[in-house]
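# Analysis of the macromolecular model
Given next are the chains, with one letter for each unit.
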Amino acid sequence: MNPQIVTFLIKCPDQKGIIAKLTSFFYIEGFNIISSQQYTNSEEKKFFMRIRLTSDSSVGLSKAEFENRFSKLAELYDITWKIDYGSKKQSVAIMVSHTSHNLYDLLHRHQEGKLNCDVRMVVSNHLKLKPIADMFGIPFHYMPVTKETKTEQEKDVVALFRENDIDLIIMARYMQILSEDFINQYPEKIINIHHSFLPAFQGANPYKRAYERGVKLIGATAHYATQDLDEGPIIEQGVERVTHESTVRSLKSIGAEIETAVLARAVNFHLNDQIIVDGNKAIVFPETGE
C-alpha cells in the first residue's frame, strides 16, 4: 500500500531562515519530505513553496491537531497556506456551448486516466455536444440561457454544482460571460480557455482579428476566471508560428490543437496542487517526476 502524500502550498513574506523553519516543523511532526519546490520573488519580497510529505506511520496526530499546530507557525511568519491530503479526487464540471474539440479531448484524457479527477457532468446552453458526453457516459445537463433568463439560469447551475459537490469548473469554450456573483462563489476554481495568447485579442472572434492583423504567432491561454473578462491569473499558454498565407479557417484549426494541449496542462496543474495564486499572478510549480 502506497503511503499517503500530503501537499502543502505556502506563501508568505520572504524572510531569513523560512525554509529551515518550515522543514524543521515537518521533521519534528514526523513527516518525510519527498519533494520541496520554492520560489522567491525578490522584487516583491515574497516566498512561495510547494512541499510534498509522507507521514511516519507511528504518528498518531489527527488532521485537526496537525493543522492547529501549523496554524500557530503560520501566524508567526504571516503564512497563507493550503493543504491537500490526496484522499479524494476533485469533482469536476465541464461547461461548453458549440465547440467540441476541448470537450472531446478532456473526456478522452479522463477516460484514459490522464486527468486525476471525477468528471461529474457536462453543462451546456446548447444540445449540440450532448452526443459527445453520451459517448463517454458523462451526464449532460442542458441549461439554455437568454439575456432575460441569465440570472435564474446561473442560480440553477450553482444549485446543480452544489448538489454534486463540484470542486472545479472548466469552461471549455462556454461562450457565455459568467456574472460576478457566480464567479465569486468559486474563487480560483473556474478555469477558462481563451483562444488567443492573452492579453492580445481579448473577447470574441480572436482568430478573425488575428487574421486581420496579419499575426505571425497565434496561441491560447488558460486562466482562472475573474470578474474582469479574460484578465484572471494566467495558468498556461501555448503558441504556434503562422504565415501570411494563413486563413481564418486555418488559424482556427491550428488554434484548436493549441487550445486542447494548453487547457489539459492547466487542468492538471490545478488538480495536482501545482498552483499558488498571488494577486493576479499564478505561480505554477513544475512536475517533480515523483
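Structure report, in brief. Keep in mind it's a predicted model, so treat the numbers as computed, not measured. (Residues numbered from 1 in each chain as written. Predicted model: local features only at pLDDT ≥ 70, side-chain atom pairs only at ≥ 80, totals over all residues. Heavy atoms only, no water.)

Tallied over the full model, the rule gives 14 salt bridges. Between Glu44 and Lys46 there is a salt bridge; the shortest N-O distance is 3.5 Å. A relative accessible area of 28% means that Lys46 is categorised as partly exposed. Between Asp134 and Lys130 there is a salt bridge, with its nearest N and O atoms 2.8 Å apart. One end of the pair, Asp134, and the other, Lys130, are both in helix α4 (residues 130–135), four residues apart, so they sit about a helical turn from each other. Put simply, Lys11, Glu44, Lys46, Asp278 and Lys281 are held in one network by salt bridges that share partners. (Salt bridge = Lys/Arg side-chain N within 4 Å of Asp/Glu carboxyl O. Buried < 20%, exposed > 50% of the residue type's maximum accessible area, 1.4 Å probe, protein only. Helix = DSSP H or I, 4+ residues; strand = E, 2+ residues; numbered from the N terminus.)

Moving on: the sheet that holds strand β1 (residues 5–13). Spatially, the four strands line up as an open sheet ordered β2-β3-β1-β4, and their pairing is antiparallel. The open sheet has two free edges, formed respectively by β2 (31–41) and β4 (80–84), since each of these has just one partner strand. With direction set aside, neighbouring strand axes in the sheet form an average angle of 10 degrees. Docked against the sheet, helix α1 (residues 18–28) engages β1, β2 and β3 (46–55), running at close to 20 degrees with respect to β3. In this fold helix α2 (residues 63–77) packs onto β1, β2 and β4, with an angle of close to 155 degrees to the strand it touches most, β4. (Pairing = 2+ DSSP bridges. Axes fitted to C-alpha atoms, helices over the stretch in contact; angles between N-to-C directions. Contact = heavy atoms within 4.5 Å.)

Roughly 920 Å³ of internal volume is contained in the largest pocket. Along the walls of the largest pocket sit 36 residues, with Asp84, Gln90, His270, Leu271 and Asp273 positioned nearest its centre. Secondary-structure elements contributing two or more residues to the lining of the largest pocket are β1, β3, β4, α8 (248–271) and β12 (275–278). The greatest single-element share of the lining of the second largest pocket, amounting to three residues, is contributed by strand β9 (residues 190–194). Its residues assigned to classes, the lining of the second largest pocket shows 10 nonpolar, eight polar and three charged. (1 Å grid on protein atoms, 1.4 Å probe; cavity = no way out; pocket = protein on both sides within 12 Å on 5 of 7 lines; lining within 4 Å. Points joined across faces, edges and corners; volume = space filled by probe spheres on them. Nonpolar A, V, L, I, M, F, W, Y, C, P; charged D, E, K, R; others polar.)

Limitation: the analysis is restricted to geometry and does not speak to function.
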